[in-house]
Amino acid sequence: MALDPETFTQLRDSVRRFVRERLVPHEAQVGESNEIPETLLDEMRALGLYGLTIPPEYGGLGLNSVEEVQIAFELGWTSPAFRSAFGTNVGIGSQGIVLDGTEAQRAAYLPRLASGEITSSFALTEPESGSDAGALRTSARRDGDDYVITGTKRFITNSPRAGLFTLMARTNPDEKGARGVSAFLVEAPRPGLSIGKPDKKMGQHGSLTADVIFEDCRVPASALLGGVEGQGFKTAMKVLDRGRLHIAAVATGIAERLVDQATRYALERQQFGKPIGEFQLVQAMLADGRTESYAARTMIEDAARRRDGGEDVTEEIACCKLFATEMVGRVADRAVQIHGGAGYIADHGIERFYRDVRLFRLYEGTSEIQRLIIARSMAKRASA
Ligand code: COS
C-alpha cells in the first residue's frame, strides 16, 4: 500500500462525497453545455485528483493499482466526462513519463501534472491507424539538435486544453512496424502544432477530443521520452495496460450507480397496483446487473492486487476491460428498460449514461483488441 489505510479511507470518503455532492448535481448541465465549470476543475485540483498515480516525490498521491481502482469505482458514480478532465494526467498522459521518462523529464513535468497546472494528452491514434497502433505514420525526423514532426493524430482526449502531449511518432521510416516508433513529450502551444475543432460525440459531453496536427513542428532532442528511440510503442502498451484497468473500474462504478438508480426507481414506480420492483421480470434485470457488476469489481481487484505484486497481468487486465465495459453496456440497456419511457427521455439522465458508456468498448483498445490480447496470451502460454 502506498498510503496508510486510514489516509486512504479518508481520501476515498472525500472522493465519494465530492462525486455525489458536487459532481452528480452538475451532470445534466455538463451534458448539455459540453463544458465543465472551471470552479469544479479547481476543486478537482484541490482534492489531488490530477495527481492520484503520480509518485509523491513529484507531488502526487502515488496510489498503487489496488488503491487506484477503488478511487476509480467511486469516480464511476457520475458522468464519465468529469473523470476525463483529469484522467489523462492520472493515466495515459503521465504514466509514460513515470515508467520510462528520464529523471530530468520526470522533474520537469510530473509536479505540474500532479497539481493540475497543466493537462496532458496521449497522442497515439491517427486517421489511418486505430487498432493497428504499430502502423502509425506520424514521422519525427532528426535534424541537428531537434526532431521535426509531421502528421495528424485523431480523437485525442483533452487536446484542446493540453499543455503537454505524449506523442507516438515514427523515427525510423525503414521500420514500418512497432519497432520504428518513439515517444516524445511535446509542450503546447508551439509553432507547427494546431488543434482541430472539438469532435461532436454521441456521448461523454464535457470531455473534449479533437485532431492534433503537426506540420514541421520542431521539438528539441531532449523531448524524446527516456532519451531512447524505438521504445515508444512498448511505452504506449505499458501505459495502456494500467489505463485499461482504470477504465474497467470506472465502467464498473457506473454500472453500480445505474443498478442503484434503477433499484430505487423500481421501488417507487407503481404499475398494476404495486411497485414494478415486485415483478420478477424486473427483479431479474436488477439481479443480473448486481451480479455482473460484482463479478467485474472482483476481477478488477484481483488484477490490481496481482499487478501490485509484480505479476505480468496484461492478459488479466484485457479480461477486465473486456468484461467490465461490455457489462456496463448491458446494465445501461436494462436501466433504460426498467425506466421505460422515462429512461428514453433526456430529463432523467439514464439515456445520457446509455450513450456515455458506449465509448468504453471502443477507446483504450476495442473489445475486439482485448479479445485478441487475451487469446494471443493464452496461445503463448499453451505453447510454452
Ligand atoms: N507491455 C509491454 N510490451 C508490450 C505489450 C505490453 N502490454 N504489448 C506488446 N508489447 C511489445 C511486444 O512485446 C513487442 O515487443 P518486441 O518487438 O520486442 O517483441 C512489441 O510491443 C510489439 O508487440 P506486438 O507484436 O504484440 O504488436 P502488434 O502490432 O501485434 O499490436 C496490439 C498489438 C493489437 C495489442 C496493439 O496494437 C494495441 O493495443 N492496439 C490497440 C491500440 C489502442 O488501444 N488504441 C486506443 C488508443 S489510445 S486511447
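Residues numbered from 1 in each chain as written. Predicted model: local features only at pLDDT ≥ 70, side-chain atom pairs only at ≥ 80, totals over all residues. Heavy atoms only, no water.

(A) Molecular detail of the packing of helix H3 (residues 38-47) against helix H5 (residues 80-90). Across the interface, H3 lies against H5 with an axial gap of 11 Å and an inter-helix angle of 55°. Classified by the angle their axes make, H3 and H5 are oblique. Considering how the two elements wind past one another, H3 and H5 form a crossing that is right-handed. In contact with Leu 40, Leu 41 and Met 44 of H3, H5 contributes Phe 82, Ala 85 and Phe 86. By residue class, the composition of the contact of H3 with H5 is 6 nonpolar, no polar and no charged. (Axes fitted to C-alpha atoms, helices over the stretch in contact; angles between N-to-C directions. Helix = DSSP H or I, 4+ residues; strand = E, 2+ residues; numbered from the N terminus. Parallel < 35°, antiparallel > 145°, perpendicular 65-115°, else oblique. Left-handed = near helix turned anticlockwise from the far one by under 90°. Contact = heavy atoms within 4.5 Å. Nonpolar A, V, L, I, M, F, W, Y, C, P; charged D, E, K, R; others polar.)

(B) Inspection of the pairing of strand S3 (residues 146-157) at higher detail. Here strand S2 (residues 139-143) runs beside S3; their pairing, made up of 5 bridges, is antiparallel. Residue pairing for S3: Arg 142 is matched across the bridge by Tyr 147. Once S2 ends, the chain turns through 2 residues before running back antiparallel as S3, passing Gly 144 with a positive phi of about 60°. Relative to strand S7 (residues 209-220), S3 runs antiparallel, the two being bridged by 9 bridges. From the neighbouring strand, Ile 156 faces S7, where its bridge partner is Ala 210. (Pairing = 2+ DSSP bridges.)

(C) Quick peek at the site of the ligand. What surrounds the ligand is a group of 20 residues, the closest being Ser 131, Lys 234, Asp 241, Arg 244 and Arg 376. Contacts to the ligand include Lys 234, whose side-chain N or O atom sits 2.8 Å from an oxygen atom. The element that contributes the greatest number of residues to the shell around the ligand is helix H8 (residues 232-268), accounting for 7 residues. Residue classes in the shell around the ligand are distributed as 8 nonpolar, 5 polar and 7 charged. (Near = heavy atom within 4 Å. Polar contact = N/O pair within 3.5 Å; in protein donor to acceptor, adjacent residues only side chain to side chain.)

(D) Up close: the packing of aromatic side chains. On inspection of all chains with the given rule, the structure shows 4 aromatic pairs. Of note, Arg 20 hangs over the ring of Trp 77, and the distance from its end group to the ring centre comes to 3.9 Å. Its guanidinium or amino end placed over the ring of Phe 73, Arg 297 lies 4.1 Å from that ring's centre, counting from NZ or CZ. (Phe/Tyr/Trp six-rings, centres within 6.5 Å; stacked < 30°, edge-to-face > 60°. Lys NZ or Arg CZ within 6 Å of the ring centre and 35° of its normal.)

(E) Representation of the nonpolar core in the model. In terms of nonpolar packing, the biggest core is built from 33 residues, with Val 69, Leu 245, Ile 254, Leu 258, Ile 300, Val 328 and Phe 360 touching the most fellow members. At the level of secondary structure, the elements contributing two or more residues to this core comprise helix H4 (65-75), H8, helix H9 (280-308), helix H10 (314-339) and helix H12 (350-356). No other element matches H8, which puts 10 residues into this core. Among the domains, domain 1 (5-115) and domain 3 (234-383) are the pair contributing at least three residues each to this core. Ranked by size, the runner-up nonpolar core spans 24 residues in total, among them Tyr 58, Leu 124, Val 181 and Ala 236. (Core = buried A, V, L, I, M, F, W, Y, C linked by side-chain atoms within 4.5 Å. Buried < 20%, exposed > 50% of the residue type's maximum accessible area, 1.4 Å probe, protein only. Domains from an automatic or database assignment.)

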